[in-house]
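A look at the structure
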Amino acid sequence: MLKHFHLTKNQWLGILKWSLYGLLTLLTLLLQTVVLSRTTQLRIKPTPLPVLIVCVCVREGPERGGIYAIVTALLWCFSGADYGNLSVAILPVGAILSAVLCRAVLTLRFLPTALCAFGVCLLNASIIFVFKLILPPTVALDNYWRILLPGVALSMAFLPIQYPLVKCISRIGVRDAL
């Protein structure tokens, strides 16, 4: 049975690419949940994982990037994220819409990706904030300006690190059309 099991070079490159994406996701999740959650200044918590999800989805396209976004959002939800079940609905939809927007209207460059990532991060954080404000009121309304918006801006500080890594990983297995 195993003598018929043969992978082509492109399949090995695909395995390498998605393994590197998985490693980058794991490192980002560990950074976010272990390091950044304990070293908050003024209760501001950056969340670089939604930025990474949008970057990968924009670079890989809505189909493969959408699957990555769903799996990563589920992983984040199962890791115990605050209102992670909302993120499972918001992040993949926002990332897929960002990928479609960047491919149809905008370009696959840094600035459009940054705008899309900021929009998705802001939407995700805002919807979670509204749920925290309404269901059991655990936050004050002025925390939106003092904590949430600076947290989203601080999350965007990880984009200059994540975008070049995602761009390099996305080129694995792609042949030049010369």
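Just so you know, these numbers come straight off a predicted model, no measurement behind them.

A word on the packing of aromatic side chains. Where two aromatic rings form a pair, the distance of their centres and the angle of their planes describe that pair. Inspection of the entire model under this criterion finds four aromatic pairs. Summarising the aromatic geometry, the rings of Tyr21 and Tyr68 are spaced 6.0 Å apart at their centres and angled 45° between planes, so their arrangement reads as tilted. Residue Tyr21 is located in helix 1 (residues 9–36), and its partner Tyr68 is located in helix 3 (residues 62–78); the two are separated by 47 residues in the primary sequence. The two residues Tyr21 and Tyr68 agree in class, both being buried. Between the aromatic rings of Phe110 and Tyr163, the centroid separation amounts to 5.4 Å while the plane-to-plane angle is 75°, which identifies the pairing as edge-to-face. With Phe110 in helix 5 (residues 110–134) and Tyr163 in helix 7 (residues 159–170), the pair connects residues that are 53 residues apart, well separated along the chain. The exposure class of Tyr163 is buried, given its relative accessible area of 6%. Taken together through their ring pairs, the aromatic side chains of Trp18, Tyr21 and Tyr68 make up a single cluster.

If you walk through the whole model with that rule in mind, you get zero disulfides. Sulfur of Cys77: no disulfide; nearest cysteine sulfur belongs to Cys121 and is 17 Å away. Cys77 gets classed as partly exposed once you look at its relative accessible area, which sits at 21%. Lacking any disulfide linkage, Cys168 is separated from the closest cysteine sulfur, that of Cys55, by 12 Å.

Now for a nonpolar patch on the surface. A contiguous nonpolar surface patch, about 580 Å² in accessible area, is contributed by Leu23, Leu26, Leu27, Leu30, Leu31, Val34 and Val35. Residue position: Leu23 is located in helix 1. Classification of Leu23 as partly exposed rests on a relative accessible area of 45%.

For the rest of this paragraph, the subject is the packing of helix 1 against helix 3. In a pair of packed helices, the angle between the axes and the distance between the axes together describe the arrangement. As a packed pair, helix 1 and helix 3 sit with axes 12 Å apart at the nearest point and diverge in direction by 35°. In the packing of helix 1 onto helix 3, the handedness of the crossing is right-handed. Of helix 3, the residues touching helix 1 (which contributes Trp18, Tyr21, Thr25, Leu29 and Gln32) are Arg64, Tyr68, Thr72, Leu75 and Trp76. Partitioned by chemical class, the residues of the contact of helix 1 with helix 3 number six nonpolar, three polar and one charged.

Further remarks concern the layout of surface pockets. When its volume is computed, the largest pocket comes out at roughly 800 Å³. Along the walls of the largest pocket sit 27 residues, with Lys45, Thr47, Asp82, Ile128 and Lys132 positioned nearest its centre. Broken down by secondary-structure element, the contributors of at least two residues to the lining of the largest pocket are helix 1, helix 5 and helix 6 (143–155). Classifying every residue of the lining of the largest pocket gives 13 nonpolar, 10 polar and four charged.

About the cut-offs
- Residues numbered from 1 in each chain as written.
- Predicted model: local features only at pLDDT ≥ 70, side-chain atom pairs only at ≥ 80, totals over all residues.
- Heavy atoms only, no water.
- Phe/Tyr/Trp six-rings, centres within 6.5 Å; stacked < 30°, edge-to-face > 60°.
- Helix = DSSP H or I, 4+ residues; strand = E, 2+ residues; numbered from the N terminus.
- Buried < 20%, exposed > 50% of the residue type's maximum accessible area, 1.4 Å probe, protein only.
- Disulfide = S-S within 2.5 Å.
- Patch = residues over 30% accessible without salt bridge, like charges linked within 9 Å, V, L, I, M, F, W, Y side chains within 5 Å.
- Areas by Shrake-Rupley, 256 points an atom, 1.4 Å probe, with all protein chains shown as cover.
- Salt bridge = Lys/Arg side-chain N within 4 Å of Asp/Glu carboxyl O.
- Axes fitted to C-alpha atoms, helices over the stretch in contact; angles between N-to-C directions.
- Left-handed = near helix turned anticlockwise from the far one by under 90°.
- Contact = heavy atoms within 4.5 Å.
- Nonpolar A, V, L, I, M, F, W, Y, C, P; charged D, E, K, R; others polar.
- 1 Å grid on protein atoms, 1.4 Å probe; cavity = no way out; pocket = protein on both sides within 12 Å on 5 of 7 lines; lining within 4 Å.
- Points joined across faces, edges and corners; volume = space filled by probe spheres on them.

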